[in-house]
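Summary of structural features
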Amino acid sequence: MNETIVCAVGNVATQPVYRELASGPSARFRLAVTARYWDREKNAWTDGHTNFFTVWANRQLAANVATSLSVGEPVIVQGRLKGRTETREGQQGWTSADIDAVAIGHDLSRGTAAFRRSVRTEQPGAPGMPGTGAAQQPEPNWETPAPDTAAEAAAVAEVAGAEAEREPVAVT
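The name given to the protein chain in an unreviewed UniProt entry is Single-stranded DNA-binding protein, with Streptomyces galbus as the source organism. Per UniProt, the protein chain has the following entry under Subunit (unreviewed entry): "Homotetramer."

Pasting the structure below:
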């Protein structure tokens, strides 16, 4: 299936709304993306047209959006672009552009941020999650494997010994 993946850089226009749904957490907010261009007559940057997108986040991304974003903050959003057309009683039909977000982050070209790793909220019954009765996958072995031969063991010991004998370098 072909999807339109976009990367939009703009500002959070509305306070994120967080909801706990039967399918899991969901959050949404409006993103304002304003084009800027150099006006030669004024010799200055000028704001162009502003586009507004509704950004949708799900699961852990939704929880992180709710606790991390506020109105006015510069963000970068990557996700699938979706057009939505709606008609309401007694009104003309309207079309909106939504972004089903895959990743959202602060725009560090316009400020700083302090990253804090979030604790994953485990949902019961999720496939592959510990304690859910789903097929358990073995934990990966991140340790360095022991040498197979005596020659490899001697080489590892030699490198470790050389590093221990190295004199510290003074930086002036």
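Description of the environment of S68
Topologically, S68 is positioned in helix α1 (residues 59-68). What makes S68 partly exposed here is its relative accessible area of 37%. The contacts of S68, once residues within four sequence positions are left out, are E73 and H106. Reaching out from S68, the side chain makes a polar contact with the backbone oxygen of N64 at a distance of 2.8 Å.

Focus: the confidence of the model for the protein chain
Reading fine detail from the predicted coordinates is not recommended where pLDDT is low. A residue-level look at the protein chain finds 69% of positions with pLDDT of 70 or above and a mean pLDDT of 79. For the protein chain, per-element mean pLDDT is lowest for helix α2 (residues 150-165), which scores 54, and highest for strand β1 (residues 5-12), which scores 94. Confidence drops under a pLDDT of 50 for residues 128-134, and excluding neighbours within four residues, the segment shows 13 contacts in the predicted structure. Low confidence marks residues 162-172, where pLDDT is under 50. Its contacts with residues over four positions away, or in another chain, come to zero contacts.

Notes on unusual backbone geometry
The phi dihedral of N43 is positive, around 55°, even though this residue is not glycine. With respect to the helices, strands and loops of the structure, N43 is situated in the loop between β3 (24-39) and β4 (44-58). Owing to a relative accessible area of 56%, N43 belongs among the exposed residues under this scheme.

Regarding the nonpolar core
Within the largest apolar cluster, 17 residues are counted, with the highest numbers of intra-cluster contacts made by F29, L31, V55, V65 and V77. Residue contributions to this core peak at four residues, all from β3. Setting aside residues up to four positions removed in sequence, V77 forms contacts with V6, C7, A8, F29, L31, V55, I99, A101, A103 and I104.

Quick notes on the pairing of β3
In terms of strand pairing, β1 meets β3 through two bridges, oriented antiparallel. Opposite V12, over in β3, you have L31 as the bridge partner. With five bridges connecting them, strand β2 (residues 17-21) and β3 associate as antiparallel partners. Its bridge partner lying in β3, E20 is registered against P25. The turn joining β2 and β3, which pair antiparallel and follow one another in sequence, is formed by two residues. Here β3 runs beside β4; their pairing, made up of 13 bridges, is antiparallel. Residue pairing for β4: R36 is matched across the bridge by D47. The antiparallel hairpin formed by β3 and β4 contains four residues in its connecting segment, where N43 sits at a positive phi of about 55°.

Overview of the pairing of strand β5 (residues 74-86)
Here seven bridges tie β1 to β5, and the two strands are oriented antiparallel to one another. Bridge pairing links N11 to P74 in β5. As paired elements, β5 and strand β6 (residues 94-106) share twelve bridges and run antiparallel to each other. From the neighbouring strand, Q78 faces β6, where its bridge partner is A103.

About the criteria used
- Residues numbered from 1 in each chain as written.
- Predicted model: local features only at pLDDT ≥ 70, side-chain atom pairs only at ≥ 80, totals over all residues.
- Heavy atoms only, no water.
- UniProt positions renumbered as here; feature names shortened; annotations may be inferred.
- Helix = DSSP H or I, 4+ residues; strand = E, 2+ residues; numbered from the N terminus.
- Buried < 20%, exposed > 50% of the residue type's maximum accessible area, 1.4 Å probe, protein only.
- Contact = heavy atoms within 4.5 Å.
- Polar contact = N/O pair within 3.5 Å; in protein donor to acceptor, adjacent residues only side chain to side chain.
- pLDDT = per-residue confidence, 0-100.
- Core = buried A, V, L, I, M, F, W, Y, C linked by side-chain atoms within 4.5 Å.
- Pairing = 2+ DSSP bridges.

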